[in-house]
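Here is what each chain is made of, one letter per residue.
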Amino acid sequence: MRKNIVAGNWKMNNDLSQTETLLTAIKQQTQTTNAEVMVAPTFVNLYPAVNTLKESNVEVIAQNMHFAANGAYTGEISATMLKSVGIETVILGHSERRAYFNETDELLAKKVDAALENGIRIIFCFGEELADRKANNQETIVKSQIANALFHLEASAFNNIILAYEPVWAIGTGETASPEQAQDMHQFIRQTLEDKYNSEVANNVSILYGGSVKPANAKEIFSKPDVDGGLIGGASLKADDFFAIVNAF
Ligand code: PEP
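Residues numbered from 1 in each chain as written. Predicted model: local features only at pLDDT ≥ 70, side-chain atom pairs only at ≥ 80, totals over all residues. Heavy atoms only, no water.

> With reference to specific residues and values, describe the overall build of the protein.
Assigned secondary structure in the protein consists of 11 helices and 8 strands. Relative to the globule expectation of 18 Å for 249 residues, the C-alpha radius of gyration of the protein, 17 Å, shows essentially globular dimensions. Principal axes of the C-alpha set define a box for the protein whose edges measure 45 × 45 × 35 Å. Buried positions account for 51% of the 249 residues belonging to the protein. Contacts spanning at least 24 positions in sequence make up 71% of the contacts within the protein whose residues lie at least 6 apart. (Helix = DSSP H or I, 4+ residues; strand = E, 2+ residues; numbered from the N terminus. Rg over C-alpha atoms; globule rule 2.2 N^0.38 Å. Buried < 20%, exposed > 50% of the residue type's maximum accessible area, 1.4 Å probe, protein only. Contact = heavy atoms within 4.5 Å.)

> Outline the environment of threonine 33, listing residues and values.
Residue position: threonine 33 is located in the loop between α1 (16-29) and β2 (36-40). The exposure class of threonine 33 is partly exposed, given its relative accessible area of 22%. With 214 residues separating them in the primary sequence, threonine 33 and asparagine 247 have C-alpha atoms 6.8 Å apart. What threonine 33 contacts, discounting residues up to four positions off in sequence, is Asn57 and Val246. Within polar-contact distance, the side chain of threonine 33 engages the backbone oxygen of alanine 35 at 2.7 Å. (Polar contact = N/O pair within 3.5 Å; in protein donor to acceptor, adjacent residues only side chain to side chain.)

> Quick one: what's the story with the sheet that holds β2, residue by residue and with numbers?
Read across the open sheet, the 8 strands follow the order β3-β2-β1-β8-β7-β6-β5-β4; overall the sheet is parallel. Taken across any chain shown, the strands that pair with only one partner, and hence form the sheet edges, are β3 (58-60) and β4 (89-92). Averaged over all adjacent pairs, the angle separating strand axes in this sheet is 25°, with direction ignored. Strands in contact with helix α7 (residues 138-150) are β5 (121-126) and β6 (161-165); relative to β5, the strand with the most contacts, it is inclined by about 145°. (Pairing = 2+ DSSP bridges. Axes fitted to C-alpha atoms, helices over the stretch in contact; angles between N-to-C directions.)

> Explain the pairing of strand β7 (residues 207-210) to me, and be specific about the residues and the numbers.
Here β7 shows a buried face lined by Ile207 and Tyr209 and a second buried face lined by Leu208 and Gly210. Note: β7 against strand β8 (residues 229-232), 2 bridges, orientation parallel. When the bridges of β8 are listed, glycine 210 appears paired with leucine 231. Remark: the β7/helix α10 (residues 215-222)/β8 crossover connection has right-handed handedness. (Right-handed = clockwise from strand over helix to strand, strands pointing away.)

Written out as structure tokens, the structure is:
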């Protein structure tokens, strides 16, 4: 069943004490919400964050993981390690991972499999670059990113997948896709899923929008029928802004 979700991606921000301060403020402000709320601190702060948010309705999620179970992968973190500290959801395929760490669709397909095999839910990110949008290629790009990383899966796998459409040109730039552009793409994504699987998969998957969502534009974006929430970068670093976005539902 499709849910409203607001997830904050903190990226490489906040040391331990900043993490505790922000989490305490978020915990107080998000006691009753109309959306599932998640925050993704950096790896070293996941375990303390899980403890701080115990008995709250905010879930701590991871920003990334490796596909292997363990072994000689210096600096990497596995699905079982995430699970062992209480993490049940991971972001995969963020555009910064794709751009700065060369994560390809093929690599992401392996990460997707590893997460699902370990019972970890996925927020799968994808989105076109500015040049693609200017050339009106956004749908082709988005379809291929989804197909290459996800279309080897059975329909039932989508019970554990949340999609996040994040046009690269809107991430951290202050430039937002218009609510109509977001709606058009989300509708296209649902149609793509219906064509490949069935209408149940298409209608039940939550599709988040990400790209410069702020308190001022969240309500309009979230009001679109195929937008089920947001993946929030910059604005998730301030408790009041994040809370205002959560309350846009
Ligand atoms: C993101 O990094 O996923 C993101 C959407 O960032 P911002 O909200 O800062 O554009």
